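# Structural overview for review
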Amino acid sequence: MTYLKSLSLAAILAASTLPAFANGYVEPAVVAPVSITPPSADWTGAYVGGSLAYGRFAGTFCENGSTSDCTNFTNPQTLVVEPDGALFGITGGYDWQSGDIVYGVAADVMLGDLSAVEPTSAAYACGGVGGCELSVNWLAMLRGRVGYAASDQLMPYATAGVALTNVTVNFPALPPSIDDTATNFVAGLGGEYRLSDTMSIGAEYLHIFEREEHLGSGIGGDPDLGATRFNADLLRINLTYRF
């Protein structure tokens, strides 16, 4: 009897360990799904790099009647001088990331040797014979920016801040030339793409907004001579290293 009980118990155990068969069908084993979350890039940290830009600047020379008055004028006659060309420099900043939102600060210094001359005309005498000349020497910006981490590699963003543009205002007929600095609000849009964990490439469009400011005051001893209503547009490419 003991022998028969042992055989019965062994048969029950063997049956419990075999897969279920029904009409030749073998019931597959059930494997729990494994959730895999791709790693996400964190934009938090400092960065520094180089910039190359094309800039188009515009300075308005103005005249009210027979005398020049570039800060408080009514019905002025004007002449616009537009130097344009390449600028290069350095950029750097720091970003923080909260969820998909990236925010930070950026600073830029760019150098150039851009100059343009418009001949004297009935619209503006340019201080006499010789024309009105405007040159751009350097540009510095301090900006905040807010971006969206669209993927592990791509971040579009908006940016705004203040721009300082060093210019030279010159009337060849009334030396010497005067160096001055225009202070303007700057804003724009851009995007950054991570080439690796440490290298990024980006592109930006920036607009320096026009405002009335007297640049080059005092040429030829006349405090009213100069340029005003300075503005600019910039297209930039940045290559940065992230720490």
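What comes next concerns the included structure. Computed from a prediction, not measured in an experiment: that's the story for all the values here. Counting of residues starts from 1 at the beginning of each chain's written sequence and follows it residue by residue. Per-residue local features are limited, in this predicted model, to residues with pLDDT of at least 70; the limit for side-chain atom pairs, both in listing and counting, is 80 or more; totals at the level of whole chains, interfaces and linings are taken over all residues. Here the side-chain values reflect all heavy atoms present in the structure, with hydrogen atoms and water set aside.

### Let's talk about the nonpolar core
Among buried residues, those of type Ala, Val, Leu, Ile, Met, Phe, Trp, Tyr and Cys that are joined through side-chain atoms within 4.5 Å constitute a nonpolar core. The rule is simple: take the accessible area with a 1.4 Å probe, protein chains only, and divide by the maximum for that residue type; under 20% is buried, over 50% is exposed, in between is partly exposed. Grouped together as the largest cluster of nonpolar side chains are 31 residues, with contacts concentrated most on Phe57, Phe61, Tyr124, Cys132, Val169 and Leu234. Taken together, the elements giving at least two residues each to this core come down to strand S3 (45-63), strand S4 (77-81), strand S6 (101-118), strand S7 (132-148), strand S8 (154-170), strand S9 (178-194), strand S10 (199-211) and strand S11 (227-242). Numbered from the N terminus, helices here are DSSP runs of H or I no shorter than four residues, and strands are runs of E no shorter than two. Here this core gets 5 residues from one element, more than from any other, and that element is S7. Throughout, a contact is declared for two residues whenever any of their heavy atoms are within 4.5 Å. If near-sequence neighbours (up to four positions away) are discounted, Cys132 is found in contact with Phe61, Leu79, Val81, Ala116, Val117, Glu118, Tyr124, Cys126, Asn170 and Phe171. Grouped together as the second largest cluster of nonpolar side chains are 5 residues, Trp43, Val102, Ala149 and Met155 included.

### Points about the packing of aromatic side chains
Each pair of aromatic rings taken from Phe, Tyr and Trp, with Trp reduced to its six-membered ring, is defined by centres within 6.5 Å and is described as stacked if the planes are under 30 degrees apart, edge-to-face if over 60, and tilted in the remaining cases. Applying the stated criterion across every chain, the model contains 6 aromatic pairs. With centroids separated by 5.6 Å and ring planes inclined at 50 degrees, the aromatic side chains of Phe61 and Phe171 adopt a geometry described as tilted. With a gap of 110 residues between them, Phe61 in strand S3 and Phe171 in the loop between S8 and S9 connect regions that are remote in the sequence. Between the aromatic rings of Trp96 and Tyr103, the centroid separation amounts to 6.0 Å while the plane-to-plane angle is 20 degrees, which identifies the pairing as stacked. The class of Trp96 is partly exposed, set by a relative accessible area of 38%.

### Looking at the pairing of S8
With 14 bridges connecting them, S7 and S8 associate as antiparallel partners. Of the residues in S8, the one forming a bridge with Val136 is Val167. Two strands are said to pair when DSSP picks up at least two bridges between them. Bridge analysis of S8 against S9 gives 16 bridges, and the strand direction is antiparallel. When the bridges of S9 are listed, Ala158 appears paired with Leu189.

### A word on a nonpolar patch on the surface
Taken together, Leu52, Phe88, Ile90, Val109, Leu111, Trp138, Leu142, Val162 and Leu164 make up a surface patch of nonpolar side chains, about 820 Å² in accessible area. Secondary structure elements with two or more residues in the nonpolar patch: strand S5 (84-98), S6, S7 and S8. By secondary structure assignment, the location of Leu164 is in strand S8. For patch detection, residues must exceed 30% relative accessible area and be free of salt bridges, and they are connected within 9 Å for like charges or within 5 Å for nonpolar side chains (Val, Leu, Ile, Met, Phe, Trp, Tyr). The Shrake-Rupley method, run with a 1.4 Å probe sphere, supplies the accessible areas, and residue values consider only the shown protein chains as cover. The rule for a salt bridge is simple: a side-chain nitrogen of Lys or Arg has to be within 4 Å of a carboxyl oxygen of Asp or Glu.

### Thoughts on the pairing of S10
Here S9 runs beside S10; their pairing, made up of 9 bridges, is antiparallel. Looking at the pairing, Arg194 lines up with Ser200 of S10. In textbook terms, the turn of a hairpin is the stretch between consecutive antiparallel strands, and for S9 and S10 this stretch comprises 4 residues. Pairing between S10 and S11: 11 bridges, direction antiparallel. Pairing of Ile208 across the sheet is with Ala232, part of S11.

### Brief notes about the pattern of salt bridges
Scanning the model with the defined rule gives 11 salt bridges in all. Glu82 serves as the salt-bridge partner of Arg56, at 3.0 Å between the closest nitrogen and oxygen. Linking Arg56 in strand S3 with Glu82 in the loop between S4 and S5, this pair joins segments that are 26 residues apart in sequence. One connected set of salt bridges, linked through shared partners, spans Asp95, Arg145, Glu192 and Arg242.

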